[in-house]
Amino acid sequence: MREADLVVIGGGPAGMAAAVEAARNGVEKVIILERDHTLGGILPQCIHNGFGLHLFGEELTGPEYADRFIKQVEELNIDVKLNTMVLDITQSRIVTAVNSQDGLIKIKAGAIVLAMGCRERTRGALNIPGTRPSGIYTAGTAQRLVNIEGYMPGKKVVILGSGDIGLIMARRMTLEGAQVKMVCELMPYPGGLNRNIVQCLKDFDIPLRLGHTVVNIHGKARLEGVTIAKVDEKGKAIADTHEFVECDTLLLSVGLIPENEISRDASITIDDVTAGPFVNESAETSVPGIFACGNVVYVHDLVDNVTNNGYIAGRNAARYLKERAGDTVKANANILQVRPGQGVRCVIPQLVHGNCPEDVTLSFRVDGIYRDVMIEAKADNQVIKSVKKRITTPGEMESITLSREMLQSIESGKIEVCLSSLERKGD
Amino acid sequence: MSKNTELTCIVCPLGCKLSVLQGEDDSIIEISGHSCKRGLSYAQTECINPERVITTTVRIRGGQMPLVSVKTDKPIPKTLMMKCMKIINRIEVMVPVKVGDTILENILETGANLVATGNAT
Ligand SMILES: Cc1cc2nc3c(=O)[nH]c(=O)nc-3n(C[C@H](O)[C@H](O)[C@H](O)COP(=O)(O)OP(=O)(O)OC[C@H]3O[C@@H](n4cnc5c(N)ncnc54)[C@H](O)[C@@H]3O)c2cc1C
Ligand code: SF4
């Protein structure tokens, strides 16, 4: 069996950041295992810009952002195994992977970073009735076809779901000459970032039909059209609102799910709401020495945040490798559970050590659109920090930072993140 | 009568809500809501002459993959987007291409160059 100090699973922005940061913190033998033929994760197909403004002060495209980290990985002589799929990990940190060159590989790792990202929900997860013609793709698959393979999936397009990938593809297909008829969104608010609503839909006069869904699919060999309908508050189609829309292509942009088969098989505790592992402020999972970062933990909006999360995992994996026996932070740990309160759907990390040496940023998603609210962190029955927000939507992640002094003084073992003075827009 | 326009800043994914107050002659009286100075200049151009960066691909010859990704190195007037796409889609370049290589200079006299954002070998 081979040995390594740190094995990073997945070579996207999260995995590369973790590997680079661990190497800079003195970890000698770092290996990245990536199943694709290049490093970069989802970035090489995200040719649009909007990456890296916060980290580099520049607006980069996905491939450019990836390129900067690929260069760092090379400079630090980090071992990279491409076309290598990880099949299994164990709690004692044995990683089993496979590739066509070496066959089955087993590596005994001092620490592991999970950075497998997420995958798209498909039609199966949606259950749309109707025929099964060709011409139905997930938005990410279409993105890969158009931007990497150079193949246009169709000419008349309907997009179901207003997640960012769907919005980006609405513009991309329009620029390449397709007619994008509409984007349908089940919820009463868009799923993607506001900037993408503006520059991908409004710029090209593509209608956004909020509170609508696809209820039927038509066509035998090739898609010929879809039936859309308005939905009621419970998300159920309203009978007399059916409308036929002619199209040869349907793109599904209905969300991403963290890719955690490997984590589940290793009995790492998974949060039902985020579908990612429970993590603490060090990005460590329920299994000591196994860390997780990026979209495998929860779906991030910004790659800059993914990279920062990767740095946290890399730095703490390095610290774990150094201090393995007497981890001082945890030895006298006052473990605080972080819980979502009123108006909040989920908060990351779910656990914080009261005596941790750094300030901790809690990231969370709200459960509806709210205007003029206070974001509050509460502990010991009082508000320990609050931030005012003009508007907050489920499409955009929010955060609140607690200083180490604040964390140290908490006695009840719990932190709650919630919104106060709620005013729901619309309903 | 002065008019007030609500915009969403698209310069970065934070998407700040901007509010622009313009006078009768369209001159800008006040801009608010931005979190940084990029947002300020975005609000100015968006109200007077909206501009966008184009990100797309060009065909390559002799490479492992059929395309390489490109962008305009400056925003171009929004109204010229489709015209630029027509020109870009006629381009074919030989490998190797590196991030930052200029593919086409001064596209449609806009002063913007088309540059590679990916590598191709
Ligand atoms: C279409 C789209 C548009 C986006 N637009 C923006 C934007 O404009 N601005 C912005 O800041 N952010 C944007 N993002 C977000 C950002 O790109 C992602 O948050 C980021 O790529 C997530 O990084 P990651 O490393 O966690 O996951 P990924 O990039 O998905 O990387 C995960 C990697 O793990 C590998 N992997 C998975 N399982 C295994 C296994 N078993 N064995 C080996 N390897 C494995 C995968 O092949 C992949 O390479 C966008 C995302 C998407 C999908
Ligand atoms: S104003 Fe600045 S921070 Fe806000 S969206 Fe624009 S560029 Fe981003």
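Positions within a chain are numbered from 1, following the residues in the order the chain's sequence is written. A letter from A marks each chain and a number from 1 marks each ligand, given out in the order of writing. In keeping with the predicted nature of the model, local features appear solely for residues at pLDDT of at least 70, side-chain atom pairs appear and are counted solely at 80 or more, and the whole-chain, interface and lining totals rest on all residues. In computing side-chain values, all of the structure's heavy atoms are included and hydrogens and water are not.

A. Focus on the sheet that holds strand E20 (residues 335-340) of chain A. Residue and element names in this part refer to chain A. With mixed pairing, 5 strands are arranged side by side in an open sheet as E22-E20-E27-E24-E25. Either end of the sheet is taken by a strand with one partner, and the two such strands are strand E22 (351-353) and strand E25 (382-392). With direction set aside, neighbouring strand axes in the sheet form an average angle of 25°. In this structure, E20 lies alongside E22, joined through 3 bridges in antiparallel fashion. Across the sheet, Leu 336 pairs through a bridge with Val 352, a residue of E22. Any two strands between which DSSP finds at least two bridges are classified as paired. For the purposes of this entry, the term helix denotes a DSSP run of H or I that reaches at least four residues, the term strand denotes a run of E that reaches at least two, and both are numbered from the N terminus. Angles shown run from 0 to 180 degrees and are taken between the N-to-C directions of axes, each axis being a line fitted to C-alpha atoms and, for helices, limited to the stretch in contact.

B. Seen up close, the interface of chain A and chain B. Chain A puts 33 residues into the contact, and the matching count from chain B is 31 residues. Buried area adds together the accessible area that both of two parts lose upon being put together, with accessible area traced by a 1.4 Å probe. Summed over both sides, the interface between chain A and chain B buries roughly 2,800 Å², with carbon and sulfur atoms accounting for 57% of that surface. Together, Leu 175, Arg 195 and Asp 203 of chain A form the three largest contributors to the area buried by chain A at its contact with chain B, with a combined 19%. In the sections that follow, a salt bridge refers to a side-chain nitrogen of Lys or Arg positioned within 4 Å of a carboxyl oxygen of Asp or Glu. One can count 3 salt bridges joining chain A with chain B. Here Glu 64 of chain A and Lys 71 of chain B are joined by a salt bridge, their closest N and O atoms 3.1 Å apart. In protein, a polar contact means a hydrogen-donor-capable atom and an acceptor-capable atom, both N or O and within 3.5 Å, with residues adjacent in sequence counting only if both atoms are side-chain atoms; elsewhere, any N or O pair within 3.5 Å suffices. Counting across the chain A and chain B interface gives 13 residue pairs in polar contact (both at pLDDT 80 or more). Sorting the residues of the side of chain A that touches chain B by element identifies strand E3 (49-51), helix H2 (53-56), helix H3 (62-75), helix H5 (139-149), helix H6 (164-175), helix H7 (194-201) and E25 of chain A as the ones contributing at least two each. Three categories are distinguished: nonpolar for Ala, Val, Leu, Ile, Met, Phe, Trp, Tyr, Cys and Pro, charged for Asp, Glu, Lys and Arg, and polar for the others, with Gly belonging to the last. In terms of residue class, the side of chain A that touches chain B is built from 11 nonpolar, 11 polar and 11 charged. Note on definitions: a residue-residue contact is assigned when non-hydrogen atoms from the two residues lie within 4.5 Å.

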